[in-house]
Amino acid sequence: MASEVRQRAKAQSASALGPLGIEAAMEAKANPSIEIRSKIFDEFALTDRVALVSGGNRGLGLEMAIAMCEAGARAVYCFDLPAEPSEEFVASREYVSKLGNDSRLEYFTADVRDQHLLRSKAEEIGDREQRMDICIAAAGIGASEPDYLECSAEQFREVLDVNTCGVLFTAQAAGRQMARFGRGGSIILIASLLGSVASKVPAVISYNASKAAVLQVARSMACELGVKKIRVNTISPGYIYTKMTAAILDEETQLLEISSMNPLGRIGRSDELRGVATWLASDASSFCTGSDIEVSGGYLSW
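Owing to the predicted nature of the structure, the values given are computational and were not obtained by experimental measurement.

Quick look at a nonpolar patch on the surface
Residues Tyr148, Leu149 and Ile205 make up a contiguous nonpolar surface patch of roughly 320 Å² in combined accessible area. Examined against the element boundaries, Ile205 turns out to sit in helix α8 (residues 205-225).

Some details on the pattern of salt bridges
A side chain with one charge can pair with a side chain of the opposite charge if their charged atoms come near. Under the defined criterion, the tally for this structure stands at 16 salt bridges. Note that Lys98 is salt-bridged to Glu94, the shortest N-O span being 3.1 Å. The class for Glu94 is partly exposed, based on a relative accessible area of 44%. Linking Asp271 and Arg269 is a salt bridge whose minimum nitrogen-to-oxygen distance equals 3.0 Å. Looking at Arg269, the relative accessible area reads 43%, which means it is partly exposed. Several salt bridges converge on common partners, so that one network encompasses Asp48, Arg74, Arg104, Glu106, Glu129, Arg131 and Asp133.

Quick word on the pairing of strand β2 (residues 75-80)
Within β2, six of the six residues are buried, leaving the element largely enclosed by the surrounding structure. With burial as the criterion, each face of β2 is covered, one bearing Ala75, Tyr77 and Phe79 and the other bearing Val76, Cys78 and Asp80. As judged from the five bridges shared by strand β1 (residues 50-54) and β2, these two strands associate in the parallel manner. Looking at the pairing, Ser54 lines up with Phe79 of β2. Traced from β1 through helix α4 (residues 59-70) to β2, the parallel crossover comes out right-handed. Bridge count for β2 against strand β3 (residues 104-109) is six bridges, and the pairing is parallel. Along β3, the bridge assignment pairs Phe79 with Phe108.

About the criteria used
Residues numbered from 1 in each chain as written. Predicted model: local features only at pLDDT ≥ 70, side-chain atom pairs only at ≥ 80, totals over all residues. Heavy atoms only, no water. Patch = residues over 30% accessible without salt bridge, like charges linked within 9 Å, V, L, I, M, F, W, Y side chains within 5 Å. Areas by Shrake-Rupley, 256 points an atom, 1.4 Å probe, with all protein chains shown as cover. Salt bridge = Lys/Arg side-chain N within 4 Å of Asp/Glu carboxyl O. Helix = DSSP H or I, 4+ residues; strand = E, 2+ residues; numbered from the N terminus. Buried < 20%, exposed > 50% of the residue type's maximum accessible area, 1.4 Å probe, protein only. Pairing = 2+ DSSP bridges. Right-handed = clockwise from strand over helix to strand, strands pointing away.

Right, here's the structure in full:
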């Protein structure tokens, strides 16, 4: 019975790269004529895959989009609110074009709160590329309410509309195309350390609540979409210095001090999410779904 279970598990989870690790070693021992080569970096490769990234005009979204291209993605479609891409995006698109792997970084304008538009654009991409493999929902806004007891309905709803509803709508749009083509896929929702713990300053009850909701959206989607071979995970960054957070961190000296109160004793860089995102997008994380990966310098370890 145990042998049967092992064989069934092996058949269900067989890698497209063939035998790996111990299995590869045993096969090579049994057949000395087999050419032995390292496959670990192949597991992280995103060769020929297509990705959709929200909030991809700058910051964390753009950082992760570039990483997808460097890992071999055929095309990474970034969208954001501005009608024209930022200077950083234009420079990044040119950079990607010179990688030598035929990867493309594309941009279009869209509001994550527009569910119908996102579904339509994702379908257009699916029609053009005939696949959809990766989704990174990184679009989000910050907030600074005067007091928890004074936060207005309008302030609260605006943040949840973008940070929670927008994340769900982005994941839905990409997930529908993943299901359409039947290859499975990886959906990565960008949550936050503040989805698991509250912040001392500034008062951001709407932001904290929106990111906590993202964690549960991912768990729920992971449970529903697993049968379609679509994995759903979250990344929870700690305090990362980006253009969006710079305005707050530069003014709130107390917050800058708090953000460095982790075992590494420093604030994070936006490029430090690249490796985690690539891992989650790739086959190297093929048995990981419904999980939250904290990237915070160990903030929650104290």
